[in-house]
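Close look at the chain arrangement
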Amino acid sequence: MISFIDSKTSLFLVIILISGIVAFGILFYILKKFGKSPRTILPVNFAVRIRIPLALFLLALILRIVLAKEEITSYVQASVLSHSSTLLFIISLTWALILIIKAFKRNILTKYDMSAADNVHARKIYTQFTVLERVFIFLIILFAVSIALMSFDSIRAIGVSILTSAGIAGIIIGFAAQKALGTLMAGIQIAFTQPIRIDDVVVVEGEWGRIEEIYLTYVVVKIWDKRRLVLPTTYFIEKPFQNWTRNSSDILGTVFIYTDYNVPFDALRNELTRILENTDLWDGEVNVLQVTDTKNEVVETRALMSSKDSPTSWDLRVLVREKLVLFIQENYPHSLPRTRVEMQDLKNTPKSEKSVSEPEPSDLLRK
């Protein structure tokens, strides 16, 4: 098409194209320099990620400038250039906003250590920003698609006609989408009220696991054996569940030992203290041994100990249970659970003597 354009118009197009390339290079260099500076909120690779939306934005700007040249519009329809420029503006701005939101979230979360022992506040911030990021991205994309569709005159006319004649259909669709909207609102509610957070230890549907991902409509729970339990967000709003790290990560662990009545409880207490003091799994706060129940054959003794989090508590409980059982086996084997049976001498009872000396009449008749 360039061969049919006069030299002035061709020169104009070349200058505009070169100017766009130069502007792209300058902006890319500035963003790359800002990303390397630790004082800015931009991540290191932000310039690389935003290069495509930046190029689309400059291309849309070039099309707008070209649109002002009447010599060019005589070869290409002005409506095509205008509409293409509008779509490129929408795509580039939407893309750039999503990248800015992700960069802002990443910059905020770097200030919080998720690997710390007491990471309740970090998990709270991480959950809020993760869910809100997805909400904002969803709304931005929805808004961008709506504007892009409304830029087409034919679709806009069809949309107006549909809206004016779809009252009943809208009600039906509203009822059909009630559950979907409910899960969406539940996801937003979780972001603010936070009954669960990322990396929370929970017990749901009889399974122990950690909150791995929180989306707008569903939550992924990583079970201890590496299975994944996927639940709708409404589950954590409508149904009861256990959250072991709601306010803090530390937790109390219990071990039940069943022994005979003659077991020495003071010796068990001293052994529990020795076990806890010789392991790093114990946080040094709670160390209690109590008799919690007595039954016909055994005594129930509960050992209570504390640890920094639930996985550590599980390992500590396993260790204490094993060591206490070995201690009883080696030092007090007579205190292991046993069943007692009392035997009576039936020969000395009057009834037995009578049965031996004097047969019953029925026995005589049978003979």
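Look up a bit, the structure's there.
Below: a short report on this structure. (Residues numbered from 1 in each chain as written. Predicted model: local features only at pLDDT ≥ 70, side-chain atom pairs only at ≥ 80, totals over all residues. Heavy atoms only, no water.)

With that settled, the discussion passes to the pattern of salt bridges. Two side chains carrying opposite charge are able to pair once their charged atoms lie near each other. Evaluated as defined, the whole model comprises nine salt bridges. Here Asp225 and Arg227 are joined by a salt bridge, their closest N and O atoms 2.8 Å apart. The class of Asp225 is partly exposed, set by a relative accessible area of 32%. Here Arg227 falls in the partly exposed class, since its relative accessible area comes to 41%. Ionic contacts of the salt-bridge type, sharing partners, join the residues Lys102, Lys105 and Glu133 into one network. (Salt bridge = Lys/Arg side-chain N within 4 Å of Asp/Glu carboxyl O. Buried < 20%, exposed > 50% of the residue type's maximum accessible area, 1.4 Å probe, protein only.)

The next point concerns helix α12 (residues 310-331). The terminal C-alpha atoms of α12, which comprises 22 residues, lie 31 Å apart, in line with the 32 Å expected from a rise of 1.5 Å per residue. Taken residue by residue, α12 has Ser310, Thr312, Ser313, Leu316, Val320, Leu324, Phe327 and Ile328 as its buried positions. Seen along its axis, α12 keeps its buried residues to an arc of 130°; they face one direction. Across α12 from its buried face, at more than 90 degrees, point the exposed residues Trp314 and Glu330. At its buried positions, α12 is contacted by β1 (201-204), β2 (207-214), β6 (251-259), α11 (265-277) and β8 (299-307). (Helix = DSSP H or I, 4+ residues; strand = E, 2+ residues; numbered from the N terminus. Expected span 1.5 Å × (residues − 1). Arc of directions from axis to C-beta. Contact = heavy atoms within 4.5 Å.)

Another aspect to go through is the sheet that holds strand β4 (residues 228-232). If you walk across this open sheet you meet the five strands as β4-β3-β2-β1-β5, and the pairing is antiparallel. One side of each edge strand has no neighbouring strand; the edge strands of this open sheet are β4 and β5 (242-243). Two elements, β2 and strand β3 (residues 218-223), share five bridges in a ladder whose sense is antiparallel. Across the sheet, residue Arg210 finds its bridge partner in β3, namely Lys222. (Pairing = 2+ DSSP bridges.)

What follows covers helix α3 (residues 51-67). An ideal rise of 1.5 Å per residue puts 24 Å on 17 residues; α3 measures up with 24 Å between its terminal C-alpha atoms. Every buried residue of α3 is accounted for by Pro53, Leu54, Leu58, Ala60, Ile62, Leu63 and Val66.

A few words now on the sheet that holds β8. Reading across from one edge, β6-β8-β7 is the order of the three strands in this open sheet, with antiparallel pairing throughout. This sheet does not close on itself; its edge strands, each paired only once, are β6 and β7 (287-294). Averaged over all pairs of adjacent strands, the angle between their axes in this sheet comes to 25°, without regard to strand direction. Packed onto the sheet, α11 meets β7 and β8 and runs at close to 140° relative to β7. (Axes fitted to C-alpha atoms, helices over the stretch in contact; angles between N-to-C directions.)

With respect to the helices, strands and loops of the structure, Thr259 is situated in strand β6. Among all residues touching Thr259, those that are not within four sequence positions of it are Glu297, Val298, Val299, Ile328, Ser335 and Pro337.

This next bit is on the environment of Ile98. Its location among the elements puts Ile98 in helix α5 (residues 78-109). C-alpha of Ile98 to C-alpha of Phe138: the two residues are 40 residues apart in sequence and 9.7 Å apart in space. Residues within four places of Ile98 in sequence aside, it is in contact with Ile137 and Ile141.

A few words now on the packing of aromatic side chains. A full pass over the atoms with the stated rule returns seven aromatic pairs. Taking 5.4 Å as the distance between ring centres and 75° as the angle between the ring planes, the aromatic pair formed by Tyr235 and Phe236 counts as edge-to-face. With relative accessibility at 8%, the residue Tyr235 sits in the buried group. Overall, Phe236 belongs to the buried group, its relative accessible area being 3%. Grouping aromatic residues by their ring pairs yields a cluster made of Tyr235, Phe236 and Phe241. Looking at Lys105, its charged tip hangs above the ring of Tyr126, at a distance of 5.8 Å from the centre. A cation over an aromatic ring shows up here: Arg134 above the ring of Tyr215, its NZ or CZ 4.1 Å from the ring centre. (Phe/Tyr/Trp six-rings, centres within 6.5 Å; stacked < 30°, edge-to-face > 60°. Lys NZ or Arg CZ within 6 Å of the ring centre and 35° of its normal.)

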